[in-house]
Amino acid sequence: MDFIDRLKDSVNSIPNLPMNCILGYLKPTESLVLYPLPGSKVTSETYDGEKDQVLNYEFAMKSKDQEQIQKVLWLIQTHLEELLELESSDGSFDFWKIEIANKPYISSEDDEKYYIFILDVQASITTYK
């Protein structure tokens, strides 16, 4: 299933985003990442393998510039709140909606004075075998 890749691509299409979003963990320096969170679940399933699912994801950004982090995560939040369509490139899912679970918030500051801010989202999709 290519949902997380299409979500990342959608975010990377935002005009004037100062850096590309990548999948995985935050890097030692400035970075913007997307990764799955625990708690995702199947809400219904048919005999042919079609599943309605609610998937939890987190965007995290690390930078020494708190203002830039806030601007970027608010840009992403606004983009996702207005997202009506997200197409699978391999036909593995249909997108229904995405909701902001938590508005952008500061998570931590490391020893090198990098700040980490988080944005949590929850997507509703149907997946196919």
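To be clear, the structure that these remarks concern was listed above.
Residues numbered from 1 in each chain as written. Predicted model: local features only at pLDDT ≥ 70, side-chain atom pairs only at ≥ 80, totals over all residues. Heavy atoms only, no water.

(A) Main features of the pairing of strand β4 (residues 51-63). Counting buried positions over the 13 residues of β4 gives 11, a clear majority of the element. Pairing between strand β3 (residues 41-45) and β4: four bridges, direction antiparallel. The partner of Ser44 across the bridge, within β4, is Asp52. Here β3 folds back onto β4 in antiparallel fashion, the turn holding five residues, of which Gly49 has a positive phi close to 95°. (Buried < 20%, exposed > 50% of the residue type's maximum accessible area, 1.4 Å probe, protein only. Helix = DSSP H or I, 4+ residues; strand = E, 2+ residues; numbered from the N terminus. Pairing = 2+ DSSP bridges.)

(B) Fine view of the side chain of Ser31. Examined against the element boundaries, Ser31 turns out to sit in strand β2 (residues 31-36). Overall, Ser31 belongs to the buried group, its relative accessible area being 5%. Excluding its chain neighbours within four sequence positions, the residues that come into contact with Ser31 are Met19, Leu26, Ala60, Met61 and Lys62. (Contact = heavy atoms within 4.5 Å.)

(C) Seen up close, the pattern of salt bridges. Taken as a whole and assessed by the stated rule, the structure comprises eight salt bridges. Put simply, Lys103 and Glu81 hold a salt bridge, and the shortest N to O gap is 3.4 Å. With a gap of 22 residues between them, Lys103 in strand β5 (residues 93-109) and Glu81 in helix α2 (residues 66-81) connect regions that are remote in the sequence. For Lys97, the salt bridge identified is with Glu99, shortest N-O distance 3.0 Å. Sharing partners across several salt bridges, the network here consists of Asp2, Arg6, Lys8 and Asp9. (Salt bridge = Lys/Arg side-chain N within 4 Å of Asp/Glu carboxyl O.)

(D) Spotlight on the packing of aromatic side chains. The tally for this structure, following the rule as stated, stands at three aromatic pairs. With a centroid separation of 6.4 Å and an interplanar angle of 15°, the aromatic rings of Phe3 and Phe95 are classed as stacked. Of this pair, Phe3 sits in helix α1 (residues 3-12) while Phe95 sits in strand β5, and the two are 92 residues apart along the sequence. With respect to class, Phe3 is no different from Phe95; both count as buried. Among the aromatic residues, those joined into a cluster by ring pairs are Phe3, Tyr57, Phe93 and Phe95. Between Lys62 and the ring centre of Tyr114, over which it is positioned, the NZ or CZ distance is 5.2 Å. (Phe/Tyr/Trp six-rings, centres within 6.5 Å; stacked < 30°, edge-to-face > 60°. Lys NZ or Arg CZ within 6 Å of the ring centre and 35° of its normal.)

(E) Main features of the nonpolar core. Counting 30 residues, the largest nonpolar core has Phe3, Leu7, Leu32, Phe59, Leu73, Ile76 and Leu80 as the members making the most contacts within it. Going through the elements one at a time, α1, β2, β4, α2, β5 and β6 (115-127) are the ones with two or more residues in this core. Here this core gets six residues from one element, more than from any other, and that element is β6. Here Phe3 is in contact with Leu55, Tyr57, Leu86, Phe93, Phe95, Ala123 and Ile125, once residues within four sequence places are set aside. (Core = buried A, V, L, I, M, F, W, Y, C linked by side-chain atoms within 4.5 Å.)

(F) Seen up close, the environment of Leu119. Summarising the element assignment, Leu119 is placed in strand β6. Assessed through its relative accessible area of 0%, Leu119 is described here as buried. Note: C-alpha distance between Leu119 and Glu45 (74 residues apart in sequence) is 29 Å.

(G) Here's a closer look at α1. Of all 10 residues in α1, seven are buried, a share of seventy percent or more. Where α1 is concerned, the buried positions are Phe3, Ile4, Arg6, Leu7, Lys8, Ser10 and Val11. For α1, the secondary structure elements touched by its buried residues are β1 (22-23), β2, β4, α2, β5 and β6.

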